[in-house]
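A look at the structure
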Amino acid sequence: MGSKIEIIDGIRDLVRSYDALIIDLWGVIHDGVNLLPGSASCLAELNEAKISYAFLSNAPRRAKPLIDAMIEMGIPADHAVNVISSGEATHLALKERADPWFTGVGGRCYHLGPQRDHSLFDGLKIEFVQDVENADLIVNTGPWGFTEQVADYEDLLQAGVKAGVKMVCANPDLEVIRGGRHMICAGALAVRYEEIGGNVIYYGKPKRPIYDACLATLNHPSPNRVLAIGDSLRTDIKGAETVGIDAILVLGGIHGSDFEASDRSLLETRLHEKCEQAGVFPVAAVPTFRW
């Protein structure tokens, strides 16, 4: 059983004990549509204090579109730096095919995902097919729209398993809140694919390789001198713990409905119970990403 998790009002005191930060994007900085309250000013304070940080996102897109989106939402360009994404990691994996998992996998690809994710394939030598049965590989970046459920993809997933097609998952998240509404992510489809017998490889949090890439971007600080900030116990907090990095949980993100309590004592109890169920314990929790 973990110790009591302190709920702090802001990150300003805690972050000064670390050399660098790893910050999630979706659910911490923005909700996919708008900046979340306090996030822009918090980044400004971090820059003023000269605290190094990198963004680590499970978005199934490459870094530039994520940077462009932050700038469009109102983050200054010089604050939207050092972005590592699961999409970027997937792009590199598809380009190099260094993992033995790719042995014997051909170049015909079925893209399970929306057109907006297509930058992931820029510069890759891939032949796209329209039917999953004719593919050598499924690259899963998530649902085509914002309202579908996993069941809507059952026939496609069953066909892929029957044909023995391997799947690359470019976003291990199960769901996200976009503009206040829950929507499934690529991870939910990948989990179902595995449940029915499919073979899946995941890129992104909580897998270790993407943290190694992030630490390299930060000039290789010792993991015990790095603090991660995220809203998902399953990916952000679990991933950080896996590589020996302390973490702060943002309560107002994906788990927000679990922490709706006006009484501080009740909130602390719910937080501890939720973390105990997940088997992970952040060093602190904060209502939102704020200074």
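In case you missed it, the structure is sitting above this.
These numbers come from a predicted model, not from an experiment.

What follows concerns the packing of aromatic side chains. One pass over the full model with this rule turns up four aromatic pairs. Ring plane angle 90 degrees and centroid distance 5.0 Å describe the contact between F121 and F128, whose orientation is recorded as edge-to-face. On the basis of relative accessible area, F128 is assigned to the partly exposed category, the value being 35%. Measuring from centroid to centroid gives 5.1 Å for W144 and Y153, while their planes differ by 35 degrees, and the two rings are tilted. Taking the ring centre of W101 as reference, the NZ or CZ of K166 above it sits at 4.8 Å.

One pass over the full model with this rule turns up 11 salt bridges. Across the pair R225 and D19 runs a salt bridge whose closest N-O atoms are separated by 3.0 Å. Here the residue R225 occupies a position in the loop between α6 (208–217) and β12 (226–230), and D19 occupies one in the loop between β1 (6–7) and β2 (20–23), the gap between them amounting to 206 residues. By relative accessible area, R225 is classed as partly exposed at 32%. The exposure class of D19 is partly exposed, given its relative accessible area of 43%. R192 is the salt-bridge partner of E154, the closest N and O atoms lying 2.8 Å from each other. Highlighted residues: E154 in helix α4 (residues 154–162) and R192 in helix α5 (residues 186–195), separated in sequence by 38 residues. Taking relative accessible area as the criterion, E154 reaches 19% and is therefore assigned buried. Via salt bridges that share partners, D24, K205 and D236 belong to a single interconnected network.

Those residues of α6 that fall on the buried side of the exposure criterion are I210, Y211, C214 and L215. End-on view of α6: buried residues confined to an arc of 140 degrees, all on one side of the axis. Downstream of α6 by a residue or two, N219 has a phi angle that is positive, lying close to 70 degrees.

This part takes up unusual backbone geometry. Residue P206 is reached from K205 by a cis peptide bond, and omega for that bond is 10 degrees. With respect to the helices and strands, P206 occurs in the loop between β11 (200–202) and α6. Even without being glycine, K50 reaches a positive phi, approximately 60 degrees. Here K50 lies in the loop between α1 (39–48) and β3 (52–57). In this structure, R97 takes a positive phi of about 50 degrees despite not being glycine. With relative accessibility at 26%, the residue R97 sits in the partly exposed group.

Turning our attention to the pairing of β3. Of all six residues that make up β3, five are buried, and the element is covered over most of its length. Taken together, β2, α1 and β3 form a β-α-β motif whose crossover is right-handed. Relative to strand β4 (residues 83–85), β3 runs parallel, the two being bridged by three bridges. Paired with L56 across the bridge in β4 is I84. In this fold, the crossover linking β3 to β4 by way of helix α2 (residues 63–73) has right-handed handedness.

Secondary-structure assignment places R290 in the segment after β14 (284–286). Distance in space between the C-alpha atoms of R290 and G87 is 27 Å, their sequence separation being 203 residues. Setting aside residues up to four positions removed in sequence, R290 forms contacts with D9, G10, I11, G38 and C42. At 2.6 Å, the side chain of R290 and the backbone oxygen of D9 are in polar contact.

Cut-offs and rules
Residues numbered from 1 in each chain as written. Predicted model: local features only at pLDDT ≥ 70, side-chain atom pairs only at ≥ 80, totals over all residues. Heavy atoms only, no water. Phe/Tyr/Trp six-rings, centres within 6.5 Å; stacked < 30°, edge-to-face > 60°. Buried < 20%, exposed > 50% of the residue type's maximum accessible area, 1.4 Å probe, protein only. Lys NZ or Arg CZ within 6 Å of the ring centre and 35° of its normal. Salt bridge = Lys/Arg side-chain N within 4 Å of Asp/Glu carboxyl O. Helix = DSSP H or I, 4+ residues; strand = E, 2+ residues; numbered from the N terminus. Arc of directions from axis to C-beta. Right-handed = clockwise from strand over helix to strand, strands pointing away. Pairing = 2+ DSSP bridges. Contact = heavy atoms within 4.5 Å. Polar contact = N/O pair within 3.5 Å; in protein donor to acceptor, adjacent residues only side chain to side chain.

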